[in-house]
Amino acid sequence: MFPLAVNTVLLLVLIALLASAATFTTLRGWPKAWLATLLLFVGATWPWPIAVFLGLDYYTTRVAFYASAWTAGAILVGLVWGVLARRISTTGPVLLVALAPPLVLSAYLLERQRVPDARCASEVDFTIGNLDLTIPRHIGLASVETDGVLSQEWAGSYGDGANGKPDVRALCRATNGGTEPIRVAHIRLSFSAFRRDLEAECENEATQPSSRPLCRALTLTQPTVVQFYSYPEGMSLPTLGLFTSDTVVQARAGGALQGFECNDSTKGPERRHCKIWQDVTPDVFIVFSAWAGPEEEGEDLVATSEPLLEDFISRLSAD
């Protein structure tokens, strides 16, 4: 059984309430005033005791308001639709007419959660600039558009999360089930899975001497997110909130095609949050988001992270 997105589950619950109310009025007619009032009252008030228990703030109040409005609305629509179904179908299967809209909506929502049984369900070939990358779905990828750049062939999220399945379906359609590469101008990838693999290799470095430069690099910088760009200079960069793009844009416009900038974290200068940028091909540059230790005299995080970047791209470029 595939996992469902949270919003899909909530919508299915609302549809179930609608169907139940429609079934009731289809079989019994419009309920007595006190019963209809009670049903709507319960639908409108059930989230508020939970919100009070969790603590009333902007977020809980907003969620409780929407939950109560949608619940009461689903019950009301169901009651009204059941009455209308009795009038529409005077001789045929009245209950089937009443349940048709909920069934159709449920089928639509579940269909949006279905990922094709094809290569795109596990990996897809991406082309960015003159760089070809094969990216597994489990890594987690995002690609967004930005103003001033030609539209991409696809933009969205590509990962295992249930909420991203509509984006995965769109990507499958755009790549003919994963059999054709797709061109994008931006790719955001998590480095976490690669870091775990490298850490495991470094623990066994005695049997893999070639991994030592990588292990050294990993002790000095801990990449978290890597973003690939293929944009003309001066264009705005989508960052998904991970760094201030103005610094990188201005630095590159001034001729600093590679560099780094670090800021102290809440833990102080012993743990810094850094962004590192450099070209990887004539058409593509990257920005690393990474953690680094205390500042060292004469440090060069671009050179330090070079083995990690080369290994990262090598793994994604492997056939």
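Residues numbered from 1 in each chain as written. Predicted model: local features only at pLDDT ≥ 70, side-chain atom pairs only at ≥ 80, totals over all residues. Heavy atoms only, no water.

(A) Structural view of the pattern of salt bridges. Counted according to the given criterion, the structure contains six salt bridges. Between Lys 275 and Glu 261 there is a salt bridge whose closest N-O contact spans 2.5 Å. Of the two residues, Lys 275 is situated in strand 9 (residues 268-281) and Glu 261 in strand 8 (residues 259-265); the sequence distance between them amounts to 14 residues. A salt bridge links Glu 299 to Arg 272; the nearest nitrogen and oxygen atoms lie 2.9 Å apart. Of this pair, Glu 299 sits in the loop between strand 10 (284-292) and helix 10 (301-317) while Arg 272 is found in strand 9, placing the two residues 27 residues apart along the sequence. Accessibility assignment for this pair places Glu 299 and Arg 272 in one class, buried. Residues participating in the shared-partner salt-bridge network are Arg 119, Glu 123 and Asp 125. (Salt bridge = Lys/Arg side-chain N within 4 Å of Asp/Glu carboxyl O. Helix = DSSP H or I, 4+ residues; strand = E, 2+ residues; numbered from the N terminus. Buried < 20%, exposed > 50% of the residue type's maximum accessible area, 1.4 Å probe, protein only.)

(B) Up close: the sheet that holds strand 2 (residues 131-136). The mixed open sheet is built from three strands, whose spatial order is 2-1-5. Looking at which strands have only one partner, the edges of the open sheet turn out to be strand 2 and strand 5 (182-183). In the sheet, strand 1 (residues 123-128) pairs with strand 5 via two bridges, with the strands oriented parallel. Counterpart to Thr 127 in the pairing with strand 5 is Arg 183. (Pairing = 2+ DSSP bridges.)

(C) Broad picture of the pairing of strand 10. In terms of residue burial, strand 10 counts as a mostly covered element, since eight of its nine residues are buried. Of the pairings in the sheet, the one linking strand 7 (residues 221-229) to strand 10 comprises eight bridges and is antiparallel in character. The partner of Thr 221 across the bridge, within strand 10, is Ala 292. By the bridge criterion, nine bridges tie strand 9 to strand 10 in an arrangement that is antiparallel. What sits directly across from Asp 279, in strand 10, is Phe 285. Linking strand 9 to strand 10, which pair antiparallel, is a turn of two residues.

(D) View of helix 7 (residues 192-203). Taking 1.5 Å of rise per residue, the twelve residues of helix 7 would be expected to cover 16 Å, and the 17 Å separating its terminal C-alpha atoms lies within 8% of that figure. Where the residues of helix 7 are buried, they touch strand 6 (186-190), helix 8 (212-220) and helix 10. (Expected span 1.5 Å × (residues − 1). Contact = heavy atoms within 4.5 Å.)

(E) View of the environment of Gln 227. With respect to the helices and strands, the residue Gln 227 is situated in strand 7. A relative accessible area of 0% means that Gln 227 is categorised as buried. Counting along the chain gives 38 residues from Gln 227 to Leu 189, while the straight-line C-alpha distance between them is 6.3 Å. Here His 186 takes part through its side chain, which lies 2.7 Å from a polar atom of the side chain of Gln 227. (Polar contact = N/O pair within 3.5 Å; in protein donor to acceptor, adjacent residues only side chain to side chain.)

(F) Region of interest: the nonpolar core. In terms of nonpolar packing, the biggest core is built from 40 residues, with Phe 126, Ile 187, Leu 189 and Phe 228 touching the most fellow members. Examining the composition of this core, we find that seven residues originate from one element, helix 10, more than from any other. If sequence neighbours within four positions are ignored, Ile 187 has contacts with Phe 126, Ile 128, Leu 133, Ile 135, Leu 141, Ala 142, Val 226, Gln 227 and Phe 228. Core analysis: the next-biggest nonpolar cluster, separate from the first, contains ten residues, Leu 237, Val 248, Val 249 and Trp 277 among them. (Core = buried A, V, L, I, M, F, W, Y, C linked by side-chain atoms within 4.5 Å.)

(G) Layout of the side chain of Ser 68. Note that Ser 68 resides in helix 4 (residues 58-88). Ser 68 gets classed as buried once you look at its relative accessible area, which sits at 7%. Not counting residues up to four positions away in its chain, the partners in contact with Ser 68 are Gly 43, Ala 44, Pro 47 and Trp 48.

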